[in-house]
Amino acid sequence: MVRQAVHDVRTAPSQAPAEPSADPAVAALRVVVDDLAACSHQLGELMLEVAPAYLSDTEAADVLALLCDEIGEPLDHGLAARRYALTGDRRALAGTVL
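Every value quoted in this text rests on a predicted model; they were computed, and no experiment measured them.

Chemist: Explain the nonpolar core here, please?
Modeler: Across soluble globular proteins, you tend to see nonpolar side chains buried next to one another. Of all hydrophobic cores here, the largest spans ten residues; its members are Leu43, Met47, Ala51, Leu55, Ala60, Ala61, Leu64, Cys68, Leu79 and Ala81. Breaking this core down by element, the ones donating at least two residues are helix H2 (24–50), helix H3 (57–71) and helix H4 (75–87). Ranked by residue count, the leading element in this core is H3, at four residues. Sequence-distant contacts of Cys68, defined by excluding residues within four places in its chain, comprise Met47, Glu73, Pro74, Leu75 and Gly78.

Here's what the structure looks like:
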């Protein structure tokens, strides 16, 4: 129920349509990055279900450490995905996921 509420409130942000690249390799890479961001948003929703938005990153890290260990995701990636789900800003993923 909580996950559905978070999903309803924080749907994945739609990206502004980028001008298609003439280079097919660049266009394919953009699709991969978009897919990675969408998966990160879903992971962030899961992280928010376990560690709600009112918790700081430090408090959330204590709660999410075991979950991240169980699913094989580094804690910093889980926290970055959580921030991305909160803000919808891909810069939250910089240096970790993207």
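Chemist: Please clarify how H2 should be interpreted in this entry.
Modeler: One turn of an α-helix holds 3.6 residues; hence residues three or four places apart share an orientation. With 27 residues, H2 should cover 39 Å at 1.5 Å per step; its first-to-last C-alpha distance of 40 Å lies within 8% of that length. Every buried residue of H2 is accounted for by Ala37, Ser40, His41, Leu43, Gly44, Glu45, Met47 and Leu48.

Chemist: Honestly, H4 in this entry has me stumped. Any pointers?
Modeler: Along its 13 residues, H4 runs 18 Å from first to last C-alpha, staying within 8% of the 18 Å computed at 1.5 Å per residue. Of all the residues in H4, the buried ones are Gly78, Leu79, Ala80, Ala81, Arg82, Tyr84 and Ala85. The elements touched by buried residues of H4 are H2 and H3.

Chemist: For this particular structure, what's the right way to read the packing of H2 against H4?
Modeler: For any two helices packed against each other, the geometry is given by the interaxial angle and the distance between the axes. Running from N to C, H2 and H4 point in directions that differ by 95°, and their axes come no closer than 7 Å. Taken together, the axes of H2 and H4 are roughly perpendicular relative to one another. Where H2 abuts H4, its residues Ala37, Ser40, His41, Leu43, Gly44, Glu45, Met47 and Leu48 lie against Gly78, Ala81, Arg82, Tyr84, Ala85 and Leu86. Considered class by class, the residues forming the contact of H2 with H4 number eight nonpolar, four polar and two charged.

Chemist: Explain the environment of Ile71 here, please?
Modeler: Looking at the secondary structure, you find Ile71 in helix H3. The exposure class of Ile71 is partly exposed, given its relative accessible area of 41%. Aside from chain neighbours lying at most four places away, what touches Ile71 is Leu43 and Met47.

Chemist: Where do I start with the pattern of salt bridges in this structure?
Modeler: Opposite charge on two side chains makes pairing possible when the charged atoms of those side chains draw close. Under the criterion given, the structure shown has four salt bridges. A salt bridge links Asp57 to Arg82; the nearest nitrogen and oxygen atoms lie 3.3 Å apart. Of the two residues, Asp57 is situated in helix H3 and Arg82 in helix H4; the sequence distance between them amounts to 25 residues. Between Arg83 and Asp57 there is a salt bridge; the shortest N-O distance is 2.5 Å. Of this pair, Arg83 sits in helix H4 while Asp57 sits in helix H3; the two residues are 26 residues apart in sequence, bridging distant segments of the chain. Look at Arg83 and you get partly exposed, because its relative accessible area is 29%. We classify Asp57 as partly exposed; its relative accessible area is 30%.

Cut-offs and rules
- Residues numbered from 1 in each chain as written.
- Predicted model: local features only at pLDDT ≥ 70, side-chain atom pairs only at ≥ 80, totals over all residues.
- Heavy atoms only, no water.
- Core = buried A, V, L, I, M, F, W, Y, C linked by side-chain atoms within 4.5 Å.
- Buried < 20%, exposed > 50% of the residue type's maximum accessible area, 1.4 Å probe, protein only.
- Helix = DSSP H or I, 4+ residues; strand = E, 2+ residues; numbered from the N terminus.
- Contact = heavy atoms within 4.5 Å.
- Expected span 1.5 Å × (residues − 1).
- Axes fitted to C-alpha atoms, helices over the stretch in contact; angles between N-to-C directions.
- Parallel < 35°, antiparallel > 145°, perpendicular 65-115°, else oblique.
- Nonpolar A, V, L, I, M, F, W, Y, C, P; charged D, E, K, R; others polar.
- Salt bridge = Lys/Arg side-chain N within 4 Å of Asp/Glu carboxyl O.

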